[in-house]
Structures are given as structure tokens and as C-alpha cells.
Amino acid sequence: MEAPKKKIAVMTSGGDSPGMNGVVRAVVRMAIHMGCDAFAIYEGYEGLVRGGECIKKMEWSDVRGWLSEGGTLIGTARCMAFYERPGRLTAAKNLVLNGIDALIICGGDGSLTGADKFRDEWPSLLAELVSTGQLTQNQVDPYKHLNLVGLVGSIDNDLSGTDATIGCYSALARICEMVDYIEATASSHSRAFVIEVMGRHCGWLALLAGVATGADFVFIPERPIDHDWKEDMCTVVKRHRNIGKRKTIVIVAEGARDKNGTKITPEEVKDLLADKSDGGLALDTRITTLGHVQRGGTAVAYDRMLATLQGVEAVKAVLEATPETETCFIAINENKIVRKPLMKAVAETKSVSKAVDEKDFDKAMSLRDTEFSDQYKSYLTTTNVMVDDRKLSQEKRMRVGFINVGAPAGGMNAAVRAAVAYCISRGHEPIAIHNGFAGFARHHDDKPVGSVRPFDWLETDSWASKGGSEIGTNRELPSESGMELIANLIAQYKFDALFIIGGFEAFHSLSELRKAREQYPSLCIPMTLLPATISNNVPGTEYSLGSDTCLNELVQYCDKIKQSASATRRRVFVIETQGGRSGYVATLSGLGVGASAVYIPEEGISLEMLNADVNHLKDVFRKDTGQSRAGRLILVNEKASKVYHAKLIADIIREEAHDRFESRESIPGHVQQGGVPSPMDRCRAVRLAIKCMEHLESFGKGNLSAAKDDPLSASVIGIQGSDVVFSPMKALEEQGTDWPNRRPKAAAWLHIREIVDILGGRPNVPKPEKSLTGLIAKDTKRGIV
Ligand code: ADP
């Protein structure tokens, strides 16, 4: 006899956050894929206590289209009963009576504290249920260990141990969008705005919004101003106004306090900025409280990715758990999804609030993740540019050349701005090389202005949220411009270091410069590359600036296209994405929109594969009873095949469908570069650019022979797993690069391809002969779309 299927339940709890629906979809589909029954507990802990209708079995098709819905479709509630033992007793009884083997809870720190308590009490709850005759020993025996896994869904990003919570980047996106709008009007009227954002105990939203928008001042709970905040803020704002800034933006977190623990209100800040008395700033000041818009809307691409990958990981965790396994939650550190002990995270989160209450702010900061303190440093650097106390002595000050290479990508300007700010604050001289190596070689001595110019801080300061490349970019390689000329120009302009921002061409350029060092000593200066390309195909990093902006554009585009089909129904869209010979954006946007299939260059396309997919689509539409009217999507990377391009694939599908369904191709093209860069790209740009400057600075000025011998003097900064690292260019060139295909040899994201297929319900289709993804699971337990 077959063993009964395991029952896995998923619940959303506490404040809603964008991405929670993605969690439910991923858990339900992954559970079904793994041969389990999936359940949803509606209305959070309230539903668990109530039982009955609130605990509902979920089928594969119940969660179709959920990725693009905001909030949580299975509801959430604040539940007073669960704070008390009797409530938790009833909840335990309901779990046992419904035969739930494992519970996956997505919520904020409150919900996970509740979960932790529930787990802790579980044996005694079962004992009480038996001793009071509510359940028999036989009934409770199979459930001796509560198999529970937490997922952090919260817009505040307030849980210790994870860099991001599901929903926080969507909330940040909404805040930055609002601040960007406000900036335009502030600048027009030369006004000041005080913007209050959410975050009672955690200043992450306020801090990152400040970094992403280049705000003048930020108030967060974890780090009150050491001195008199009023004086400090006025000094900074005055300084910025004195250099000619026409707008002032101050961001205040809900929980902001001064060093004595007294709350700082937006009204107080406003009064100070508007103070007309002698020496006062006398600015025309307005307050904007963003409120619940911060929670609203659909999830950004990153949150969809996080929700989906963490949901899948949670199902794996509950299935792998043994009675000895410590209860875990799923975290992300930089780019790595990891399981961590729930109890520790809950305890640490509590200690942050406690430290803030006790005014031990150093401790509060130290308990936040490294990204938080890095970002705090970034914010200080970019807002205190003109302060002299961080300047190096004259002989250590360098002339740093800035150059953008390749196509524009979101975050390039934010990176330049931050690095310029760093340079000025340290006394270095940042110099812009306009329009890449081509501009450098051909226009450096143009009159009246050549392509080599010092930065004007007032102008650069406004680049935090600008898309494109303000200093101009070009694809030309140094060898094409003339290596000797470039080497001479570097000597002529007396550059002590070179900061390159760009994609694969930038990588190739740096490789050429490094190789030419033997011949041209002027190239022995330290040089570093900050990868920026929507294709995310630069060796040495799992993330390039601009790729998040591109994914957001694609996800929004696909959502709209999908919806457009709802009037006609039964339509398949074949969407061509950019990405060069890297399938990253196709795969990740496929994950974010729930694509039926993704075609990527790493795998290729074969006739057999197309045939299998067409047959599968026929099957899907035959079984479709019409609950979901949205169209289905196939994403195809522009270089997935030399023959089967988007239009041809759409034509084949249409021909084979014999009028049972329709098929259209759609090519978003350069829209994918995005308009305004995403906050994630902007914030990471700032953080990584400052790290690059510190790295270049570490070689010291004029120490060329030492620099030449140090492999890291020509390097690429990157996010690898859970670390930010500099990789030596030589090693990357020689071992890490698939040169003919212009991408890294090992793509860290390739395993995600399988998850897109699993959750999209794609059956095991035959792989083309040269596929790199032969690792697609061999099991046949796929659900049906
Ligand atoms: P969030 O999860 O967003 O932080 P809350 O703090 O409101 O939101 O918590 C959500 C629910 O989790 C509460 O309504 C309550 O049912 C449960 N909960 C929170 N804290 C505890 C606790 N200390 N003990 C038991 N249950 C709790």
C-alpha cells in the first residue's frame, strides 16, 4: 500500500507584504510537485485557531497568476488569541485534526516570534490535548514534532540574519518612486520636503531610500545623531544649499529618535527647516507621510524571485527535516538562499529593539547585517562630501579616471556619483572620461571642452536616480581605439587609478589593459571594474548593476501582455528578451511572471523540444476550464537559437494549434534598459562603488611596481554567494570566462531554470544536444499548468 501523502500547509501572517502570494504559489506547487498535498491556512493565526473552512486544500491551478497580485490572497489577520496558550492549544488541535505534517509560515518578526513560541510549546500542547481528552494518544503520535519553517514576509526588513525580507524591495521601490516625484516639484519651487516612511524599529527603508534618492538627511531608529540633531541637520542642509542645491529632502523613519530616545517628528523637522528667525534656514517646507502606499502594489522582480526561491527551499526544508533538525527560517545573504535557526533570529531581532530602547546604538547597528552598516557608511559619504575631516594628506591624494564602457545600465550614474563623492571627501581628484575609450582617444583635446573633465559636484549630485550614462558610454575596446594612444593618454592625464563601469566590453577592455601592462608602464595603475549590464554576463559576479532594473521592466511588461490576453483568452505570447548569450534575464523574468517555458542560449532550442512544448500547450488549453483568462508566456532569449527566433516560434505554435488557441510574438527591445533605475540597482551601485574606491585607494598613490605585482590591482568587484569580493582579472580571464560566448564559464543561476519549469508545470521536454542544463530533473512528477 502506498504511504499516505504528506500534507504541507502554508500561511501568511502579520502585516501583508508584496510577494506573499508568490510564496503561497511556490509552496503549493512545489509541495504538489514533490508528491504532497498542499493546504493554505486562510487569515493567518486567526484561521489556524478557527480551523474548519479556514484550512483549505489547494490545487495546482488555484494559485495560477498569483505572482502578479499584491497583498496576500489567502488573507492575514492580527490574532489576539494566539498570544495566549489556549489559542495556541486550539491551533495545535486543528493542525492534528487536519493531519497537517508541516507548516510554512510567512510573516514578520511578530508572526515568527509566535511561531517560535508555538514550536517551543508543541510537546506540552499535545500532552495537554491528550490529558484533557480532546485528542487521543494515537491521534497525536504521528505529530510529535512540529515541522515548521519560517519565511520572512515584511516590508520593514527588520529580521536579523537575512539581508532582505520578502516585500522590502517592493516597498522601497514605491517609496523611491514617490520621492523621485516629490524631488521634481521640490526642485521647481526650491522647496524642502520632509518625508515620513514606515519602520518602527528598523530604519532600513528610510536609510536605503536616502541612499537611493540622494536625500540630504535621514533619521533612523538604530543610529541617532551623536550630537544635537537639529544643529547637525541644519549644517548639512545649509552646506548643500550653499553649493547651489535647489531642493532639500529629509527622510524620517516612523521610529526615529534622538540620542536621548525622544521621538523625532516630521513636524519638528519641518519647523526647523522653515525657521525664519535669524540664522534659520527659512525654507518653504512641506511634509509628506507616505503611509499605506508603501505596502501596496504588485511585487518587484526581486521580491518575486525571493518569494519563489524561498518558498521552494521551505518545502525542501520541511521534507528533509528530522526530529533532530533545529527549526529554521529561510534567509538570503547577498545572493545566497540559506536555512538559519529561527530561534536565534527571533532573539537577535528582539535584541535590536531592546538595544534601541536602552540607547545602546552601537549594539543595535552591530546586530543589523553588514549591508545595513555599509549603506549607512555610503549615506554618510554621499551626504558629507564637502566636509574636510576625512581628507587624506596631499601626497596620498590620487587622480582617478572614471570611464563607462558598453551599453547603458541602470545604476551607472548612481555608482559614478557615489565614487565621486567618496573621492571628494578623501581629497582625491575624480576625472570623467566621456564616451568610453572612443571618446578618450578621439576627443580628449577637443576645444572648448574635451572628453576629459573634472566632475562638478553640484551636477553629479543630482545623478542618484538618473537612468542611462551621464558621462556617456561606448562599446569600443582600447585595442580598437589604439592601445598605445590610450596608454599615453593615461600617462598624459596623470591618472593614478582607473574606475571602469560597464558590461562584458568593459571586462574585455580591462583584460586588454592588463595584458598591455608589460608594454606600457602607465597601465600599471590600479584599475577596477564595477559590472553594469542588463545581461548580467560579467565573470566574477553573480549580479551586475542594471540587471534588476531590466528584470523589473520585463516583469511589468509581461504582466501587461498577459493581462491583455484576458479579453480574447487562449493566447500564448512568445516574448524575446535581451541578454546576449546569457539566459539570465530570460530565466529570472520567467521565474517572476510564471512563464510556461524559457528558451536560453545555454540550452538552445531543438525541434523536438518545440514539439514537446507545443503538445504540452495543446494539453493545457484542452484541460483549461476557463478559471484563469490570462495568457500564457514563453520567454526566448535573443540568442537562444540562430534559427528559432520569437516570431518563428509564435508562427509554429499558431500553425500547430489549429485555431484552438492563438500565438503572438512580442519584442520589448530597448525598453529593457529601463527608465529610472531600480532602488536595488541604485543602492548596490553606491555601496559597491564606494568599495571600489576604497580598494583603489588601498594601493596608494604612484606605487606602480607594487601595483603591477599585485593580482588585485586589475580586478572585478562582484557578489559571489554570500560575499562581496574582488577577483583578480588575470584569473578570471584565464579560468572563469567563456570568451566565445561572452559570459562566465559557470553561471550561478542555472539551477533556477529548473524551478521555472517545475512551477510553470512544464513537463520534461527533450533537451537539445548541446544543452548545459542536462541537469533538469528526471522525475516525472510535474504538475500540469
Ligand atoms: P508581523 O508578523 O508583521 O510582525 P504582528 O506582530 O502583528 O505582525 O504578528 C502577527 C501575529 O502573530 C499576531 O497577531 C499574533 O497572532 C502572532 N504573534 C505575534 N507575536 C506573538 C507572540 N509573542 N506570541 C504569540 N503569538 C504572537
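Computed from a predicted model, the values in this text were never measured in an experiment.

This paragraph deals with the overall build of the chain. When helices and strands are tallied, the chain shows 27 helices and 25 strands. Here the C-alpha radius of gyration of the chain, 27 Å, is about what a compact globule of 785 residues would show, namely 28 Å. Dimensions of the chain, computed from C-alpha atoms along their principal axes, come out at roughly 85 × 70 × 50 Å. Within the chain, the proportion of its 785 residues that are buried is 61%. Long-range contacts, defined as pairs at least 24 residues apart, comprise 78% of the intrachain contacts of the chain with a sequence gap of at least 6. Carbon and sulfur atoms make up 50% of the accessible area of the chain, which totals about 29,400 Å². In the chain, which carries 96 positive and 100 negative side-chain charges, the distance between the mean positions of the two groups comes to 3 Å.

Moving on, we get to the sheet that holds strand S4 (residues 102-107). Spatial strand order, S3-S2-S1-S4-S5-S10-S11: 7 strands in an open sheet with mixed pairing. On the outer flanks of this sheet lie strand S3 (55-58) and strand S11 (336-341), each paired with one strand and no other. When the angles between neighbouring strand axes are averaged without regard to direction, this sheet yields 30°. Pairing of strand S10 (residues 328-333) with S11, which is carried by 6 bridges, proceeds in the antiparallel orientation. From the neighbouring strand, Ile330 faces S11, where its bridge partner is Arg339. Each of S4 and strand S5 (147-152) is contacted by helix H4 (residues 109-131), which is oriented at about 155° to S4, the strand it contacts most. Along the sheet face, helix H10 (residues 301-320) touches strand S1 (7-12), S4, S5, S10 and S11 and points at about 140° away from the line of S10.

Now for a positive patch on the surface. A surface patch of like charges, here positive, comprises Arg581, Lys639, Lys642 and Lys770. Turning to its location among the elements, Lys642 is positioned in the loop between strand S20 (632-637) and helix H23 (646-657).

One open sheet accounts for 4 strands, arranged S19-S20-S18-S21; its pairing is parallel. Strands at the two margins of the open sheet, each flanked by one partner only, are strand S19 (597-599) and strand S21 (662-666). Neighbouring strand axes in the sheet, compared pairwise and without regard to direction, differ in orientation by 20° on average. Bridge count for S19 against S20 is 3 bridges, and the pairing is parallel. By the bridge assignment, Val598 is partnered in S20 with Leu635.

This part is about the nonpolar core. Among the nonpolar cores identified, the biggest contains 162 residues, and Tyr169, Phe219, Val269, Leu273, Phe402, Phe499 and Leu530 are the most heavily contacted of them. Not counting chain neighbours up to four residues away, the residues in contact with Tyr169 comprise Ala164, Trp204, Leu208, Val300, Tyr302, Asp303, Glu371 and Met680. Counting 37 residues, the second-largest nonpolar core is a separate cluster that includes Ile55, Leu103, Tyr143 and Leu146.

Interface size is commonly expressed as the accessible area that is lost once the parts come together. Segmenting the chain into domains produces domain 1 (7-165 + 299-351), domain 2 (168-294), domain 3 (392-545 + 679-742) and domain 4 (547-675). Of note, the centres of domain 3 and domain 4, computed from C-alpha atoms alone, are 36 Å apart. On the domain 4 side, the residues contacting the 17 residues of domain 3 number 14 residues. Taking both sides of the interface into account, the surface hidden between domain 3 and domain 4 amounts to around 1,200 Å²; carbon and sulfur atoms contribute 48%. Applying the counting rule to domain 3 against domain 4 returns 0 salt bridges.

With respect to the secondary-structure elements, Arg442 resides in helix H15 (residues 436-443). Between the alpha carbons of Arg442 and Trp749 there is a distance of 39 Å; along the sequence they are 307 residues apart.

To continue, consider the side chain of Arg88. Note that Arg88 resides in helix H3 (residues 85-97). According to the relative accessible area criterion, Arg88 is buried, its value standing at 5%. Excluding anything up to four places from it in sequence, Arg88 contacts Ala81, Phe82, Tyr83, Lys117, Phe118, Glu121 and Leu125.

Turning our eyes to something else, we now look at unusual backbone geometry. Put simply, Lys447 and Pro448 share a cis peptide bond, and its omega is 0°. One can find Pro448 in the loop between H15 and strand S14 (452-454). The phi dihedral of Asn157 falls on the positive side, at around 55°, and the residue is not glycine. For Asn157, the position within the fold is in the loop between S5 and helix H6 (168-189).

Attention shifts here to the site of the ligand. In the region of the ligand, 16 residues are neighbours, and Arg78, Cys79, Gly108, Gly110 and Ser111 sit closest. Tallying contributions element by element places H4 first for the shell around the ligand, with 6 residues. Looking at the shell around the ligand residue by residue, the classes come out as 4 nonpolar, 8 polar and 4 charged.

Before going further, it helps to spend a moment on the packing of aromatic side chains. With the rule as written, the count across this model stands at 19 aromatic pairs. When the centroid spacing of 5.1 Å and the interplanar angle of 55° are considered together, the rings of Phe217 and Phe219 count as tilted. When sorted by exposure, Phe217 lands in the same class as Phe219, which is buried. Among the aromatic side chains, those forming a connected cluster through ring pairs are Tyr45, Phe82, Phe118 and Trp122. In this arrangement the basic side chain of Arg632 is found over the ring face of Phe621, its NZ or CZ atom lying 5.3 Å from the centre. Positioned above the aromatic ring of Tyr543 is the side chain of Arg684, whose terminal nitrogen or guanidinium carbon lies 4.4 Å from the ring centre.

For any two helices packed against each other, one specifies the crossing angle of their axes together with the interaxial distance. Running from N to C, H10 and helix H27 (residues 752-760) point in directions that differ by 85°, and their axes come no closer than 11 Å. As the angle between them shows, H10 and H27 are arranged roughly perpendicular. Residue-level inspection shows Thr308, Leu309 and Val312 of H10 in contact with H27, the latter providing Ile752, Ile755 and Leu759. Its residues assigned to classes, the contact of H10 with H27 shows 5 nonpolar, 1 polar and no charged.

Between helix H21 (residues 584-593) and H27, the shortest axis-to-axis distance is 9 Å and the interhelical angle comes to 35°. At the point where H21 passes H27, the crossing takes the left-handed sense. Contacts between H21 and H27 involve Thr587, Leu588, Gly590 and Leu591 from the first element and Ile752, Arg753, Ile755 and Val756 from the second. Across the contact of H21 with H27, the residue classes tally to 5 nonpolar, 2 polar and 1 charged.

Calculation notes
Residue positions are given per chain, counting from 1 as you read along its sequence in written order. In view of the model being predicted, local features appear only for residues whose pLDDT reaches at least 70, and side-chain atom pairs are presented and counted only at 80 or more, with totals across whole chains, interfaces and linings using the full set of residues. With hydrogens and water set aside, each side-chain value is computed from the structure's full complement of heavy atoms. In this text, helices come from DSSP runs of H or I with a minimum length of four residues, and strands from runs of E with a minimum of two, each type numbered from the N-terminal end. The globule rule used here is 2.2 Å times the number of residues to the 0.38 power, and the radius of gyration it is set against is calculated over C-alpha atoms. Exposed residues in this analysis have more than 50% of their type's maximum accessible area, buried residues have under 20%, and partly exposed residues fall in between, with area computed by a 1.4 Å probe over protein chains only. Note on contacts: a residue pair qualifies if any of its non-hydrogen atoms lie within 4.5 Å across the two residues. Only the protein chains shown count as cover for residues, and all accessible areas are computed by the Shrake-Rupley method using a 1.4 Å probe. In this tally, Lys and Arg are treated as positive and Asp and Glu as negative; His is ignored, and so are the chain termini. All charge positions are set by atom: Lys at NZ, Arg at CZ, Asp at CG, Glu at CD. When DSSP finds at least two bridges between two strands, those strands are taken to pair. Helix axes are fitted only over the stretch in contact, all axes being lines through C-alpha atoms; the angle between N-to-C directions runs from 0 to 180 degrees. Patch membership needs two things, relative accessible area over 30% and no salt bridge, and members are linked within 9 Å if like-charged or within 5 Å if nonpolar (Val, Leu, Ile, Met, Phe, Trp, Tyr). Note on definitions: salt bridges are taken to be side-chain nitrogens of Lys or Arg within 4 Å of carboxyl oxygens of Asp or Glu. The set of buried Ala, Val, Leu, Ile, Met, Phe, Trp, Tyr and Cys residues whose side-chain atoms join them within 4.5 Å is what this entry labels a nonpolar core. Here the limits of each domain have been adopted from an automatic or database domain assignment. Summed over both partners, buried area is the accessible surface (1.4 Å probe) that two parts give up on being assembled. We call a residue near a molecule or strand as soon as one heavy atom of that residue lies within 4 Å of the molecule or strand. By the convention adopted, Pro, Cys, Tyr, Trp, Phe, Met, Ile, Leu, Val and Ala count as nonpolar, Lys, Arg, Asp and Glu as charged, and the other residues, Gly among them, as polar. Two aromatic rings from Phe, Tyr or Trp, using only the six-membered ring of Trp, form a pair when their centres are within 6.5 Å; if the ring planes differ by under 30 degrees the pair is stacked, by over 60 it is edge-to-face, and anything between is tilted. Placement of a positive charge over a ring is assigned whenever Lys NZ or Arg CZ falls within 6 Å of the ring centre and within 35 degrees of the normal to the ring plane. To sort the angles, those under 35 degrees are grouped as roughly parallel, those over 145 as roughly antiparallel, those from 65 to 115 as roughly perpendicular, and the leftovers as oblique. Crossings are sorted by hand: turned counterclockwise from the far helix by less than a right angle, the near helix makes the crossing left-handed, and turned clockwise it makes it right-handed.

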